[in-house]
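# Descriptive structure summary
Below are the chains, spelled out letter by letter.
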Amino acid sequence: MNKIFTKAKITLTSLLLASTLAFPFSSVSAIEVPTPPTSPEAPTAPTAPTAPIAPVAPIAPLPPTAPVAPAAPTTQTTTSQSEPSGPTNTGNGSGSENNSSTSETNNTEVVNVNDATVTNNQVVDVETGGNEANKNGGDASVTSGNAGVSGGLMTDINNNTITIGDLCGLGCSSDFVAANLKSGDGTLNNADGSLTNLVLINNSNNLNLTNNSSLSASTGYNQASKNMGSGTIVSGDADVVFTTINFCNNNGINATTADYNIVDNQSSDLWIMFPTGVAGGSGLGQLGATNNGNGSDSTNDASTSSNSSTLIDNNNNLVLTNDINLYANTGNNTADKNMGSGNITTGDANIASNVINFLNNNIVAGAEWLLSTVNIFGNMTGNIILPRQADLTGCGGCTVDISAGNIGNGAGTDNSANTSIDNQAVINQVNNATIGNNLNIDANTGGNSTDKNMGDSSISTGDTSVSSNLVTVANTNAVGQGDTWWLVIINNHGTYTGQIMGASDGAMIAGSG
């Protein structure tokens, strides 16, 4: 626009200059006549010249023509499949030579080394007994209240939980395709892809664990003797509830944990479920090579190779000693040598003990693996519903769709499509465990004496109840591909009224398999 306008200005100036040179005056004046010596006839006055024609104004230059907007590009619709996720030669011109190469290497290394020496010492003594009412001038009586102990010891140490995407328990490939697509006639196309996955996991756990626990509850050891009247003793109930959980030296790969804590009052069922969206397997992957829709007389070579290696080394060494002493007593009362009668009535003595050892276990899951702990610190009324197989949604394992194809290529083409896959898994598990469980459980309502009384004597003892569960799961190696694993541990530190659905009576641990 600026250049065109400048030229027009110059042209206008040139035209004005030319007019000035051709026409120096705009009008002509009359010429003065000289006086002759004689008086000749006066000449006829000349005709005044015609006034010059005024110059024609130059024609203004035409404004420049606005440029024509370029036509919008034509949109081409392609109905073929999405672009492959790998080396690709596509839409190249005739007679061209095209090489596409991709090499991908993924290395993952996890090393866990745990060394621990742990000693737990617990001593709990609750007593309302040990009372004396002796040598009184009249009747004497002793009544002791109830005594209860509810405790627990949980050791959770040297455990490794590892989550690696696309591990699929044993390693597998994701989408990776090499392709030559819709290149012109006489082209030479080569697409070469290489995918390498390497996963190294090394877990080493060493533990020396000693648990020394002593819990006692007593309402007995009362005396009402040598009184001038009668001697009477009534002792209350004694209850001891104790749970020991040792969860040590365990390795879980692609595992999920879910803890439930009951700290107040709950009056409803508790459903143990896998968290939403949890799945260890990655589902379906695609590995392939394809030549599709290339022109005549072209040469097409597509090749893909995948190499996946998984090396897992688990080495667990453990020495465990559980020394547990539980004692509940309402007896050992004395009402002797009274001038009247001697009477003793004892309360009940109850002990519930649970020892759970989950040690040196290695679980490599291909689908779902859930570890759940239910901790009851408050009061719970309701059932605990364990996972059911019908509720689980494992991916069914990790599978890979392998393909190689030559499709719709032109006449005289030379096509080669090759796909190779090599998956290797090496799992070494070494577990050494020395476990000593020493339980000394004593519930007593007896040992009472009403001797040498002048009147009638009687002894009535309460009931004794002992419930003891000892579960040890150790040195277990589980390798699953497409399976579902779960383990639920119930740790009761409060009051629980209900039923554990799916577990045997009295059990505090349950699992699949």
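Now for the overall build of the protein. Tallying secondary structure elements over the protein gives 1 helix and 30 strands in all. Considering only intrachain contacts with a sequence separation of at least 6, the fraction spanning at least 24 residues in the protein is 89%. Surface exposure of the protein reaches about 26900 Å², of which carbon and sulfur atoms provide 51%.

Another point: the packing of aromatic side chains. Summed over all chains, the structure comprises 1 aromatic pair. Taken together, a centroid distance of 5.3 Å and an interplanar angle of 5° make the contact between F247 and F358 stacked. Here F247 is found in strand β9 (residues 238-248), whereas its partner F358 is found in strand β17 (residues 349-359), with 111 residues between them in sequence. Looking at F247, the relative accessible area reads 8%, which means it is buried.

Turning our attention to a nonpolar patch on the surface. Together, M228, M339 and M454 make up a nonpolar patch on the protein surface, roughly 360 Å² of accessible area in all. Mapped onto the secondary structure, M339 falls in the loop between β15 (299-329) and β16 (342-345).

The parallel open sheet is built from 4 strands, whose spatial order is β5-β10-β18-β26. This sheet does not close on itself; its edge strands, each paired only once, are β5 (160-162) and β26 (477-479). Ignoring strand direction, the axes of neighbouring strands in this sheet form an average angle of 5°. Direction of pairing for strand β18 (residues 362-364) relative to β26: parallel, over a ladder of 3 bridges.

What follows deals with the nonpolar core. Burial of nonpolar side chains together is a common tendency in soluble globular proteins. I272, V374, I384, L386, V488 and I490 are the most contacted members of the largest nonpolar core, which has 15 residues in total. Residue assignment for this core shows that the elements contributing at least two residues are β11 (256-262), β19 (368-376) and β27 (484-492). By size, the runner-up hydrophobic cluster in this structure holds 14 residues, among which are A217, V240, I324 and A349.

So, about a positive patch on the surface. A cluster of basic residues, K135, K226, K337 and K452, forms a positive patch on the protein surface. Structurally, the position occupied by K135 is in the loop between β2 (97-127) and β3 (140-143). Residue K135 is classed as exposed on the basis of its relative accessible area of 64%.

What follows covers unusual backbone geometry. In this model, K135 sits at a positive phi of 60°, which is unusual for a non-glycine residue. Residue N249 is not a glycine yet carries a positive backbone phi of 55°. For N249, the position within the fold is in the loop between β9 and β10 (251-253).

Within the element layout of this structure, N453 appears in the loop between β23 (414-444) and β24 (457-460). Judged by its relative accessible area of 13%, N453 is buried. A polar contact of 2.9 Å, which involves the side chain of N453, links it to the backbone oxygen of A335. Look past the residues within four positions of N453 in its chain and what remains in contact with it is A335, D336, K337, N338, G340, S341 and G342.

Mapping Y327 onto the fold places it in strand β15. Given the relative accessible area of 23%, Y327 is considered partly exposed. The residues contacting Y327, other than those within four sequence positions of it, are L215, S216, A217, Y221, V240, N332, I351 and D442.

Right, let's get into the pairing of strand β8 (residues 231-234). Where burial is concerned, the two faces of β8 differ: the one with G231 and I233 is buried and the one with T232 and V234 is not. Direction of pairing for β3 relative to β8: parallel, over a ladder of 4 bridges. Pairing of T143 across the sheet is with V234, part of β8. In this structure, β8 lies alongside β16, joined through 4 bridges in parallel fashion. Bridge pairing links G231 to G342 in β16.

What follows concerns the confidence of the model for the protein. Summarising the model, the protein shows a mean pLDDT of 77, and 72% of its residues fall at 70 or more. In the model of the protein, helix α1 (residues 2-22) stands out as the element of lowest mean pLDDT, 29, in contrast to β8, which has the highest, 98. Across residues 56-61, where pLDDT falls below 50, the model places 4 contacts with residues more than four positions away in sequence or in other chains.

Attention now moves to the environment of N227. The topology assignment puts N227 in the loop between β7 (188-218) and β8. Considering only alpha carbons, one finds N227 and G340, 113 residues apart in sequence, at a separation of 7.8 Å. Those residues in contact with N227, other than ones at most four positions away along the chain, are A133, N134, K135, N136, G138, A140, K337, N338 and M339. One polar contact links the side chain of N227 to the main-chain carbonyl oxygen of S225, over a distance of 3.3 Å.

The parallel open sheet is built from 4 strands, whose spatial order is β4-β9-β17-β25. Looking at which strands have only one partner, the edges of the open sheet turn out to be β4 (147-157) and β25 (464-474). Going across the sheet, the axis of each strand differs from the next one's by a mean of 0°, ignoring polarity. Here 11 bridges tie β17 to β25, and the two strands are oriented parallel to one another. Across the sheet, the residue bridging to N350 is S465, located in β25.

Cut-offs used in this document
- Residues numbered from 1 in each chain as written.
- Predicted model: local features only at pLDDT ≥ 70, side-chain atom pairs only at ≥ 80, totals over all residues.
- Heavy atoms only, no water.
- Helix = DSSP H or I, 4+ residues; strand = E, 2+ residues; numbered from the N terminus.
- Contact = heavy atoms within 4.5 Å.
- Areas by Shrake-Rupley, 256 points an atom, 1.4 Å probe, with all protein chains shown as cover.
- Phe/Tyr/Trp six-rings, centres within 6.5 Å; stacked < 30°, edge-to-face > 60°.
- Buried < 20%, exposed > 50% of the residue type's maximum accessible area, 1.4 Å probe, protein only.
- Patch = residues over 30% accessible without salt bridge, like charges linked within 9 Å, V, L, I, M, F, W, Y side chains within 5 Å.
- Salt bridge = Lys/Arg side-chain N within 4 Å of Asp/Glu carboxyl O.
- Pairing = 2+ DSSP bridges.
- Axes fitted to C-alpha atoms, helices over the stretch in contact; angles between N-to-C directions.
- Core = buried A, V, L, I, M, F, W, Y, C linked by side-chain atoms within 4.5 Å.
- Lys, Arg positive; Asp, Glu negative; His and termini not counted.
- Charge placed at Lys NZ, Arg CZ, Asp CG, Glu CD.
- Polar contact = N/O pair within 3.5 Å; in protein donor to acceptor, adjacent residues only side chain to side chain.
- pLDDT = per-residue confidence, 0-100.

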